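One letter stands for each residue in the lines below.
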Amino acid sequence: MPALTGAHHVALTVTDVDRSVPWYERVLGFTAQDWDDEGDLAARKVVLNGFGMTLTLVQHPGVQRQSFDECRPGLDHLSLPVASAAELTTWAESLTALGVPFGHTPGAANLSLRDPDGIQLVLAAPLGTRPHAESVSDSS
């Protein structure tokens, strides 16, 4: 079987790209690279780049807006890597300063937060790392 070389991009369906794009830029540091807005009949797409990955936000027309539910088939969460468990403390401080609620499981080297549509995002340190002794406090 031929080998895959990684993920090309991730596309998330959002209810309002005009609301979601600034959030992803402000909170996570992505940069919008390309807006594809072909009118009322086509999906609006925005390509965001950052940290070696491409994230596409898609707003489909005419779809009933529902909040995200990871219990339905499809996406459960999107996990984004951070360099180390120590960086989770810096992320926690940044999210707190921005007023973005997040969760943290004691003993786990990750933080979880939700975008404006409720899509769960997890910031995760490399597998096998332990969180720093100074605990990351939960803001939710």
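As the structure is a computational prediction, the values presented were derived from the model and not from experiment. Along each chain, residues carry numbers from 1 onward, in the same order as the chain's sequence is written. Per-residue local features of the predicted model are confined to residues with pLDDT of at least 70, and side-chain atom pairs are confined, for both listing and counting, to 80 or more; whole-chain, interface and lining totals are unaffected and use all residues. Excluded from the side-chain calculations are hydrogens and water; all other atoms, namely the structure's heavy atoms, are used.

This paragraph deals with unusual backbone geometry. Of note in the backbone geometry, F51 takes a positive phi value of approximately 60° without being a glycine. By secondary structure assignment, the location of F51 is in the loop between β3 (44–50) and β4 (53–59). Labels follow the DSSP assignment, with helices taken as runs of H or I lasting at least four residues and strands as runs of E lasting at least two, numbered in each case from the N terminus.

Take a side-chain nitrogen of Lys or Arg and a carboxyl oxygen of Asp or Glu: if they are within 4 Å of each other, that pair is a salt bridge. Under the defined criterion, the tally for this structure stands at 3 salt bridges. Between D18 and R44 there is a salt bridge, with the nearest N and O atoms lying 3.1 Å from each other. In this pair, D18 is assigned in helix α1 (residues 17–28) and R44 in strand β3, connecting sequence segments 26 residues apart. Classification of D18 as partly exposed rests on a relative accessible area of 45%. Of the charged contacts, one joins D117 and R19 as a salt bridge, the two residues approaching to 2.8 Å between their closest N and O atoms. A residue pair is termed long-range when its members are at least 10 positions apart, and D117 in the loop between β7 (110–114) and β8 (120–124) and R19 in helix α1 qualify at 98 residues. A 1.4 Å probe rolled over the protein chains alone gives each residue an accessible area, and that area as a share of the maximum for its type sets the label: buried under 20%, exposed over 50%, partly exposed in between. By relative accessible area, D117 is classed as buried at 9%. Here R19 falls in the partly exposed class, since its relative accessible area comes to 38%.

In this section: the side chain of H104. Note on placement: H104 falls in the loop between β6 (102–103) and β7. With relative accessibility at 13%, the residue H104 sits in the buried group. From its side chain, H104 meets the backbone oxygen of N110 in a polar contact 2.9 Å long. Polar contacts here mean pairs of N or O atoms no more than 3.5 Å apart (in protein, one a potential hydrogen donor and the other a potential acceptor; neighbouring residues in sequence count only if both atoms are side-chain atoms).

Our focus in this paragraph is the side chain of S20. Tracing the backbone shows S20 in helix α1. What makes S20 buried here is its relative accessible area of 0%. In what follows, residue pairs with any heavy atoms lying within 4.5 Å of each other are defined as contacts. Setting aside residues no more than four positions away along its own chain, S20 makes contact with V14, L57, P116 and D117.

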